[in-house]
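As a plain string of letters, each chain reads:
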Amino acid sequence: MRVVFVGPPGVGKGTQAQRLAERRGVVKISTGDVLREAVRLGTPLGVRAKSFMDAGSLVPDELVIGMLAERLKADDTRRGYLLDGFPRTIAQAEALGAMLDARGEALDRVIAFEADPEVIVDRLSGRRGCPRCGKVYHVRYDPSPAGARCSACGADLVQRDDDRESTVRRRLTVYQAETAPLLAYYRERGLLAQIDGSAPIEDVAVRLDEVLSAPRPV
Ligand code: AP5
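Residues numbered from 1 in each chain as written. Predicted model: local features only at pLDDT ≥ 70, side-chain atom pairs only at ≥ 80, totals over all residues. Heavy atoms only, no water.

## Quick notes on the pattern of salt bridges
Under the criterion given, the structure shown has 22 salt bridges. Between R160 and D162 there is a salt bridge, with its nearest N and O atoms 3.0 Å apart. A residue is classified by how much of its surface remains accessible, and D162, at 12% relative accessible area, is buried. Two residues, D163 and R171, come together in a salt bridge whose shortest N-O distance is 3.2 Å. (Salt bridge = Lys/Arg side-chain N within 4 Å of Asp/Glu carboxyl O. Buried < 20%, exposed > 50% of the residue type's maximum accessible area, 1.4 Å probe, protein only.)

## Digging into the site of the ligand
Within the structure, the ligand sits among 36 residues, and T15, S57, R88, R127 and R171 are positioned closest to it. One of the side-chain N or O atoms of K13 is found 2.9 Å from an oxygen atom in the ligand. Between the ligand and V59, the relevant distance is 3.0 Å, taken from a nitrogen atom to a main-chain nitrogen or oxygen of the residue. In the complex, 96% of the free accessible area of the ligand, which totals 1000 Å², lies under the protein chains. (Near = heavy atom within 4 Å. Polar contact = N/O pair within 3.5 Å; in protein donor to acceptor, adjacent residues only side chain to side chain. Areas by Shrake-Rupley, 256 points an atom, 1.4 Å probe, with all protein chains shown as cover.)

## A word on the side chain of R123
Inspection of the secondary structure assignment puts R123 in helix α6 (residues 117-125). As a buried residue without a salt bridge, R123 has its nearest oppositely charged side chain in D122, at a separation of 6.4 Å. In this view, R123 contacts G10, V11, G12, H138, Y141, G197, S198 and A199; residues no more than four positions away in its chain are not counted. (Helix = DSSP H or I, 4+ residues; strand = E, 2+ residues; numbered from the N terminus. Lys, Arg positive; Asp, Glu negative; His and termini not counted. Contact = heavy atoms within 4.5 Å.)

## Quick notes on the sheet that holds strand β2 (residues 27-30)
Taken together, five strands build an open sheet; the order of strands is β2-β3-β1-β4-β7 and the sheet is parallel. The strands lining the two open edges of the sheet, one partner per strand, are β2 and β7 (192-196). Taking the axes of each pair of neighbouring strands and ignoring which way they run, one obtains an average angle of 20° across the sheet. The pairing of strand β1 (residues 2-6) with strand β3 (residues 81-84) spans four bridges and is classified as parallel. Within the sheet, the bridge partner assigned to V3 lies in β3 and is L82. (Pairing = 2+ DSSP bridges. Axes fitted to C-alpha atoms, helices over the stretch in contact; angles between N-to-C directions.)

This is how it looks when you write it as structure tokens:
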């Protein structure tokens, strides 16, 4: 299975990607997670990416494309992969197409999740994440059974720096300007499926499985 998840910040891409990857036994590659880890470690990539991420802007294409190309070289991508948050620009989509061609692979589906901006702001204000294992929670909609700690690894949960309301609104604007054009790009290629991301987590997961099991319209 080779699937791309697209959608505005906070729509639930990461939550669904984590669960789907477990259900299907494929690796989830989140460019946001890889970039945050690079920032945490202070690598040259992280140093360059940090100011863009803090501002709610996209990290320049050449940095992200190079990073994804490296990540796809790992053995764990052989059984398939789920790309969460890549591509985010037409240039990234074209680069991904070239990488897939070189590997003799093709995408199965591109899933676009959708929700109203107010749903998104509410979700991101209550999001908490594990800095150690990356598991994501919500204080009301998906609380950790271990309270303020991660139920998987026990680390203290944290709030992301870019989840402040002003930065979230900037990320939404950037999504509309730079990423939303991907919907038409992938619709033209017969790959796009749109899913209502404002439903409860389990309902979205059921709908996602239905979409991925259905034959692609020709
Ligand atoms: P990234 O980490 O990818 O952020 P994002 O796309 O803005 O998405 P989020 O992680 O904020 O949201 P999500 O849709 O995964 O929602 P989640 O499942 O967590 O990127 C961060 C930054 O890195 C970017 O701004 C950019 O700077 C850079 N970057 C990354 N990729 C890049 C690229 N390709 N090119 C250039 N720059 C790049 O859910 C949110 C909350 O809601 C959680 O608390 C969750 O528990 C809850 N929730 C989820 N689903 C539901 C539901 N159905 N009902 C109720 N609550 C729910």
